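Here is what each chain is made of, one letter per residue.
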Amino acid sequence: MALASLIKKEHIKVPMTAQTKTAAINELLEFLKENGCFTDIKTVSAAVFEREALSSTGLGDGIAVPHAKTDAISAPALAIGVSKNGIDFQSHDGEPVYVVFLMIAPKSQPGQHIEALSEIAKMMQAPIVMKMLKKADTAQDVIDVLSE
Amino acid sequence: MKLISRILVYIDDSDTAIAAVQTAVLLAKKFDAELFGLYVINTKALSDLVKARIFVESEREEYAQELEADAERYLRLARKLAAAKKIDIVAEKIQGTPHREIREFVENNKIDLLIVGVDNDRMKSLREEAVGDKDVAIRRVPCDVLCVKNEERAELCFDTEE
């Protein structure tokens, strides 16, 4: 269950409306919940914010990868959000975030969770991909950028 | 010359890993081949995630421990499945970059068939930048490769084979 398996059009939100880190994470969590990925949003949210308290996942260059593992979800889920106005994510470079990958995984299958995050990290190293993602106007645009 | 004499099954915690092991055991029996199992603890990915700041150090350590336990669990299961069909399997875990370790194992052990479990969705094309380790291994090993996708079929064949 690596990245290709997790990218789903119905889990892509363009544009995001949130302007702060907390609101952005909540916006994508609600989005995944509405799509039936989990029911216990309180537990999932607590896991994400617990991780976020260790260090911001606003990585710089306009990208954030909040993530958590929790038994409140039975299968890994990935939400992708694109903001047109930028989100104050308390990023390492102090710049706003435009693309958010929110990854939630069950505590089992740690290898698959790591593999998916690793594939996101690899994509982040391609500036053209992130530049194109920031310009995406629709979920299909995001899919097109992430696909060959 | 035997068509298949040494089989390697790559073991991970993907949904199709067990089907891959079941298929490998059945083929080892059918071809009277030696069977090897390999689980690679992806320490390269853990380091990359720390470098990218996606993980903090404590997460790396936590996940490394979980992967160790995961590897033991899956290797035990592989040995159990092989034993059920009276097949010997040399199953081990190593640390590193999965596609490199798989290739090295194939070359060093003169493997002529690599078996991997592959999710159907994996075949959806992603940008080259994001290709996963298992896909890279499939492309780069010098031996033949069998991708196992159909879990139900593998399980049914395994359960009904005598």
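Everything below is about the structure shown above.
From a predicted model like this one, the values you see are computed outputs, not experimental measurements. (Residues numbered from 1 in each chain as written. Chains lettered and ligands numbered in written order. Predicted model: local features only at pLDDT ≥ 70, side-chain atom pairs only at ≥ 80, totals over all residues.)

### Side note on the sheet that holds strand β3 (residues 89–96) of chain B
Residues and elements named next belong to chain B.
Piece 1. Read from one edge of the open sheet, 5 strands run β3-β2-β1-β4-β5, paired in parallel fashion. Two strands lie at the open edges of the sheet, namely β3 and β5 (144–148), each paired on one side alone. Each strand axis lies, on average, 25° off the axis of its neighbour in the sheet, ignoring direction.
Piece 2. Bridge count between strand β1 (residues 6–10) and strand β2 (residues 34–42): 5 bridges; the pairing is parallel. Among the inter-strand pairings, Val-9 is bridged to a residue of β2, identified as Gly-37.
Piece 3. Contacts from helix α2 (residues 43–51) reach β2 and β3 within the one sheet, and its direction differs from that of β2 by about 15°. (Pairing = 2+ DSSP bridges. Helix = DSSP H or I, 4+ residues; strand = E, 2+ residues; numbered from the N terminus. Axes fitted to C-alpha atoms, helices over the stretch in contact; angles between N-to-C directions. Contact = placed C-beta atoms within 7 Å.)

### Concerning helix α6 (residues 139–146) of chain A
Residues and elements named next belong to chain A.
Piece 1. For α6, every residue scored as buried is listed here: Val-142, Val-145 and Leu-146. Looking straight down α6, one finds its buried side chains confined to an arc of 90°; they lie on one side. Those residues of α6 that are exposed and angled more than 90 degrees off the buried face are Gln-140 and Asp-144.
Piece 2. Looking at the buried positions of α6, the neighbouring elements they touch are β1 (12–16), β5 (77–87) and α5 (127–134). (Buried ≥ 20, exposed ≤ 12 C-beta atoms within 10 Å, placed from the backbone. Arc of directions from axis to C-beta.)

### Overview of unusual backbone geometry
All names here are of chain A.
Piece 1. The peptide bond linking Val-14 to Pro-15 adopts the cis configuration, its omega dihedral lying at -5°.
Piece 2. In this structure, Pro-15 sits in strand β1.
Piece 3. One non-glycine residue, Asp-61, lies in the positive phi region at around 60°.
Piece 4. Looking at the element boundaries, Asp-61 is found in the loop between β2 (58–60) and β3 (63–64).
Piece 5. Asp-61 sits in the partly exposed class, given 17 other C-beta atoms within 10 Å.
Piece 6. In this structure, Gln-109 takes a positive phi of about 55° despite not being glycine.
Piece 7. Relative to the helices and strands, Gln-109 is located in the loop between β6 (97–105) and α4 (110–124).
Piece 8. Judged by the 21 C-beta atoms lying within 10 Å of it, Gln-109 falls in the buried class.

### Remarks on the nonpolar core
Piece 1. Counting residues in each nonpolar core, the largest one holds 100 residues, and the members touching the most others are A:Leu78, B:Ile7, B:Leu8, B:Ala20 and B:Val21.
Piece 2. Aside from chain neighbours lying at most four places away, what touches B:Ala20 is B:Val9, B:Tyr10, B:Ile115, B:Val116, B:Gly117 and B:Val148. (Core = buried A, V, L, I, M, F, W, Y, C linked by C-beta atoms within 7 Å.)

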